[in-house]
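Descriptive analysis of the structure
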Amino acid sequence: MNIFPKKRVKVADGLHVKISNHFFYTDFGVRDSGEIRYSGRRYIVTGTPGTGFIERESESHSYHTFVRKNVAAMKPSYWRLLLGKEPSFEKAIADANKALESASEPYRRHLLESYVNALTVGRKEERMQRVIRGIKDKMGHRSNKFLVSVMSHYKNKIRQLENDMDSVIWHVKDHCSAETYEAYCKTVDAFTKVASCRRIWFYDPKRRDSYSQVFFDMGVFDYIRNKAFLPLMRDPDGVHYYLLPDAMVVARSHVDFDVVPLKNLTIVSQELAIEEPNEALLGQMGDAASMIKVPEFNLNFYFNHVHAVVDFVRAVDRLKETL
C-alpha cells in the first residue's frame, strides 16, 4: 500500500528526485511511437494496463459523456491510490500469472503468456516515465544540462524497451494466414463504419422493456497488437467482445475471458422492416433500422443505419470462409 503520493529515489549518481506513486498513463505497447498520436485519437485506458480503446471522432453527446466518464475514472486520486484502486502493473502481473496457472485452453493460455511478458516490459517503461516526470519537476523552468542528460538517458532506455515489447506482444498478423488477415482488415474497416452509427442499442429478450445504449469502438485487449486495433463491442453488463481473425474474445476482465472460435459463431444482420417485434422496438428506440444478432452470446444490437451493418456482417462471412 502506498501511503505517500511521491517517494524520493536515486535516478543517477548524485541525483535523487521525487517520483509519483500514481500510475502513469501511456500508450507504450499499444501503438508504434512513430504513429501520429495527437489527432483526436486518444488512447483511453480502461482499468488495467494494456486494455482500453481509441477515442473516435463523433458528434454524439452521449459518446462524449461516455469517454469523459472513462477518463475521469482513471485520473490520479490519492484516495484511490491509498485503497489500491489505481491501475497497477504489479497487480496486473499477479492476476495474469494466477490466471495462467489455471488456463488449460491453448489459445487462452497463449494470450495470457503474451500478456504477462508484455506487462513485465511495460512495468519498466512506466516507472521510467515517472522518473522522467520527476526530473522535469525538479528542473522546473531552469536549464540544467546534467538533468537534461539524465532525462535523455531514460528516454533512450524507453526506446530500447520498444523493441523488447514488440518481440513479446501478440501480433494479430503473425497468427493467421495472409488470406485471412486480408479479409480481417476488410472486416475491421467495415466495423469502423458500424461503430460510427449515431446510436447503438442493446436489447435483452429476457427483459422486454430493457433497451440500453451501448458504444462500439476500436479497442486494445491485453496488449494484442493490430495496426487498426481490434473491433470492440460492449454490452450493458460490462462484458467486452473483441474480434480477432479467427476468434471472438469474450472478456469479463483482463484475465477472465473466453476465446470462442469464429467459425462456431452465428453473426447475422436483419432489417427491422421484416422483423416481427418491429413496432414495439421502434416505439422504444425511435429510429432503429437494423440489427445484429449473435445467438451464442445472446447478443442483440440495434442500429439506426442499415448498409454499414449489412456490409460488416458480409465481411465477417467472407472472413469465416478463409478459416
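Above this text sits the structure in question.
Model, not experiment: these values are computed from the prediction. (Residues numbered from 1 in each chain as written. Predicted model: local features only at pLDDT ≥ 70, side-chain atom pairs only at ≥ 80, totals over all residues. Heavy atoms only, no water.)

Attention now moves to the packing of aromatic side chains. Tallied over the entire structure, the rule returns 18 aromatic pairs. On the basis of an interplanar angle of 35 degrees and a centroid distance of 5.5 Å, the ring pair of Tyr 241 and Phe 297 is categorised as tilted. One end of the pair, Tyr 241, is in strand β9 (residues 240-243); the other, Phe 297, is in the loop between β13 (290-294) and β14 (299-303), and 56 residues separate them in sequence. For Tyr 241, a relative accessible area of 5% corresponds to the buried category. Stacked on the ring of Phe 53, the Lys or Arg Arg 234 has its end atom at 4.8 Å from the ring centre. (Phe/Tyr/Trp six-rings, centres within 6.5 Å; stacked < 30°, edge-to-face > 60°. Helix = DSSP H or I, 4+ residues; strand = E, 2+ residues; numbered from the N terminus. Buried < 20%, exposed > 50% of the residue type's maximum accessible area, 1.4 Å probe, protein only. Lys NZ or Arg CZ within 6 Å of the ring centre and 35° of its normal.)

Strand order in the open sheet formed by 7 strands is β3-β4-β7-β8-β9-β10-β11, with antiparallel pairing between adjacent strands. The strands lining the two open edges of the sheet, one partner per strand, are β3 (43-45) and β11 (257-261). Going from strand to strand, the sheet's axes swing by 35 degrees on average, the running direction of each strand aside. Taken strand by strand, helix α1 (residues 61-73) contacts β3, β4 (52-54), β7 (217-220) and β8 (230-234), and its axis lies near 135 degrees from that of β4. The strands touched by helix α6 (residues 178-195) are β7, β8 and β9; relative to β8, the strand with the most contacts, the crossing angle is about 40 degrees. (Pairing = 2+ DSSP bridges. Axes fitted to C-alpha atoms, helices over the stretch in contact; angles between N-to-C directions. Contact = heavy atoms within 4.5 Å.)

Now for the sheet that holds strand β12 (residues 268-271). On the basis of which strands lie adjacent, the open sheet formed by 5 strands has the order β6-β5-β14-β13-β12 and antiparallel pairing. Two strands in the sheet have a free side with no partner beyond their single neighbour: β6 (211-213) and β12. Put simply, the sheet's adjacent strands are angled 25 degrees from each other on average, direction ignored. Bridging between β12 and β13 involves 4 bridges; their strand directions are antiparallel. In the strand pairing of β13, Gln 270 is matched with Met 291. Each of β12, β13 and β14 is contacted by helix α8 (residues 307-321), which is oriented at about 30 degrees to β13, the strand it contacts most.

The subject of this paragraph is the packing of α6 against α8. Each pair of packed helices can be summarised by the angle the axes make with each other and by the distance between the axes. It is the contact of α6 with α8, at a shortest axis distance of 8 Å, that shows an interaxial angle of 165 degrees. As far as their axial angle goes, α8 and α6 are roughly antiparallel. For the pair α6 and α8, the sense of crossing is left-handed. On α8, the residues that touch Thr 180, Ala 183, Tyr 184, Lys 186, Thr 187, Ala 190, Phe 191, Lys 193 and Val 194 of α6 are Ala 308, Val 309, Asp 311, Phe 312, Ala 315, Val 316 and Leu 319. (Parallel < 35°, antiparallel > 145°, perpendicular 65-115°, else oblique. Left-handed = near helix turned anticlockwise from the far one by under 90°.)

The next subject is unusual backbone geometry. The phi torsion at Tyr 223 lies on the positive side, around 65 degrees, for a residue other than glycine. Mapping Tyr 223 onto the fold places it in the loop between β7 and β8. Unlike most non-glycine residues, Phe 229 shows phi in positive territory, near 70 degrees. Mapping Phe 229 onto the fold places it in the loop between β7 and β8.

Turning our attention to a positive patch on the surface. Together, Arg 8, Lys 18, Lys 138 and Arg 142 make up a positively charged patch on the protein surface. Locating Lys 18 in the fold gives a position in strand β2 (residues 15-20). (Patch = residues over 30% accessible without salt bridge, like charges linked within 9 Å, V, L, I, M, F, W, Y side chains within 5 Å. Areas by Shrake-Rupley, 256 points an atom, 1.4 Å probe, with all protein chains shown as cover. Salt bridge = Lys/Arg side-chain N within 4 Å of Asp/Glu carboxyl O. Lys, Arg positive; Asp, Glu negative; His and termini not counted. Charge placed at Lys NZ, Arg CZ, Asp CG, Glu CD.)

Our next topic: the pattern of salt bridges. Summed over the entire model, instances satisfying the criterion amount to 14 salt bridges. A salt bridge links Lys 6 to Asp 137; the nearest nitrogen and oxygen atoms lie 4.0 Å apart. Placement of Lys 6 in strand β1 (residues 6-12) and of Asp 137 in helix α4 (residues 106-139) is noted, with a sequence separation of 131 residues between them. Note on Asp 137: relative accessible area 42%, which makes it partly exposed. Measuring nitrogen to oxygen at the nearest pair gives 3.5 Å for the salt bridge that ties Glu 113 to Arg 109. Residue Glu 113 and its partner Arg 109 are located together in helix α4, separated by 4 residues, close to a single helical turn. Given the relative accessible area of 32%, Glu 113 is considered partly exposed.

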